[in-house]
Amino acid sequence: MNAMLSELARNRFAAFHSHIESTDPAGRWLILTHDNPDPDALTAATVLAKVLRSGFGRHVTAAYRGIIGRAENQEMVRSLGMQLSQARRLKPESYRYVALVDCQPATGNSPLPDDLAPEVVIDHHPRRRRTSASPFHDLRNNYAAAATIVAEYLLAAGIPATRREATAIVYAIRSETLDFSRRADEADRLIHDHFNARALPRLLGRIQNPRLPLNYFETLREALANLRGVDTLVMSRLGAVAQPDIVPEIADLLLRMEGRTWSLCSGLYEDRIYCSIRTTNPRAEASRVMRRLVGQRGRGGGHGMIAGGWLPAARGGAEAVSRQQDRVEARLATILRKDPRRIAPIAED
Ligand SMILES: [Mn+2]
């Protein structure tokens, strides 16, 4: 086994190994990510597929629900030749086993029915109650990326990565940590550096700086026109968006505003209001804030400094949605102990 792996990583892989060995070798596997997968989810799913195929001789399909929205993520799948299916086109009964990566059952972005316990769960978000129903789960809350866990499996299994797979692992960790500006574990750094030596810099550059559709710029204009804030909180809202991943992307951008330590963006996609929260406070629990924000009718989750969620959209057209977004913004201000009556447009004087 590889000397750079921690004792924990070696023990977890040993447990994974013996669990997979205990399953039916003829049983087909379906690997699923969270809905609207990000680079971490895409990488964790495709690398786990490789581990199950090359290390255990299993028949595996990796799939996702929703859309691969961001131009960066579309470029990643294209440039790196990542093999993923649209779950809608698959028959669930063809698969004996399900593995869930980068999310957990009964969360707002899980593709599975709440009462279905997958055989395997590999994730780095805080533990959810339902996950204990799965026969094998490897949860590492301290890791910045689920791809790091799966890359450790690859190393532990002694399976060589292609240069494109190494590139995917590097990009997953960089995007999940915003180039290590967000909290990361020593394991994330070690895995990043190990695979970076084999990554393809030109493909990385192409993925990080893709061509962008006109609707991206239109959405950016809308976000900047709707800037509002109170104290250290900055917020913006979007109407109907072309793809839901633009909401967290705007929240990331807003958090870079000088003097602000919390950001919120919300936007309408299909029949949901998607919300993303970001904070610069490493001790904050953004996922708890998000769950309070969306309440009983919505779903939400996240890590310490980032969280996402959704609410069913109000009926009654754009105005009803806008009033709902007013309420969301006021509620976040209240949760963060800021006076919602002092929320005001932000503009340079
Ligand atoms: Mn992740």
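Residues numbered from 1 in each chain as written. Predicted model: local features only at pLDDT ≥ 70, side-chain atom pairs only at ≥ 80, totals over all residues.

Enquirer: How would you explain the environment of E218 if you had to name every residue and give the values?
Expert: Among the secondary structure elements, E218 is positioned in helix 8 (residues 214-225). Along the primary structure E218 and V241 are separated by 23 residues, whereas in three dimensions their C-alpha atoms are 10.0 Å apart. (Helix = DSSP H or I, 4+ residues; strand = E, 2+ residues; numbered from the N terminus.)

Enquirer: I'd like a description of the pairing of strand 8 (residues 233-240), backed by residues and values.
Expert: For strand 8, the tally of buried residues reaches six of eight residues, placing the bulk of the element in the interior. Note that strand 7 (residues 228-230) and strand 8 share three bridges and pair antiparallel. From the neighbouring strand, V230 faces strand 8, where its bridge partner is L233. Two successive antiparallel strands, strand 7 and strand 8, enclose a turn made up of two residues, where D231 displays a positive phi of approximately 50°. Summarising the sheet, strand 8 and strand 9 (residues 262-269) pair through six bridges and their orientation is parallel. Residue pairing for strand 9: M235 is matched across the bridge by L264. Viewed along the sheet, the connection from strand 8 through helix 9 (residues 246-255) into strand 9 turns out right-handed. (Buried ≥ 20, exposed ≤ 12 C-beta atoms within 10 Å, placed from the backbone. Pairing = 2+ DSSP bridges. Right-handed = clockwise from strand over helix to strand, strands pointing away.)

Enquirer: Which residues make up the nonpolar core, and what values go with them?
Expert: With 60 residues, the main nonpolar core has I31, L48, V101, V150 and I169 as its most contacted residues. Those residues within four positions of I31 in sequence are excluded, and the remaining contacts are A45, L48, A49, V60, A62, A99 and V101. Core analysis: the next-biggest nonpolar cluster, separate from the first, contains 37 residues, V247, I250, A251 and A333 among them. (Core = buried A, V, L, I, M, F, W, Y, C linked by C-beta atoms within 7 Å. Contact = placed C-beta atoms within 7 Å.)

Enquirer: Outline unusual backbone geometry, supporting the account with residue identities and numerical values.
Expert: Unlike most non-glycine residues, N36 shows phi in positive territory, near 50°. As for its placement among the helices and strands, N36 is situated in the loop between strand 1 (29-32) and helix 2 (39-56). A positive phi angle is found at R337, which is not glycine, with a value near 60°. What makes R337 exposed here is the crowd of 7 C-beta atoms within 10 Å.

Enquirer: How would you summarise the environment of S181 if you had to cite specific residues and measurements?
Expert: Within the element layout of this structure, S181 appears in the loop between helix 5 (163-176) and helix 6 (186-196). Separated by 99 residues in the primary sequence, S181 and T280 place their C-alpha atoms 9.8 Å from one another.

Enquirer: An account of the domain arrangement of the protein is requested, with residue identities and associated values reported.
Expert: Taken as a whole, the protein is organised into domain 1 (7-208) and domain 2 (215-345). Of note, the centres of domain 1 and domain 2, computed from C-alpha atoms alone, are 27 Å apart. In this complex, domain 1 contributes twelve residues to the contact, which on the side of domain 2 involves 16 residues. Classifying every residue of the side of domain 1 that touches domain 2 by side-chain character gives four nonpolar, five polar and three charged. (Domains from an automatic or database assignment. Nonpolar A, V, L, I, M, F, W, Y, C, P; charged D, E, K, R; others polar.)

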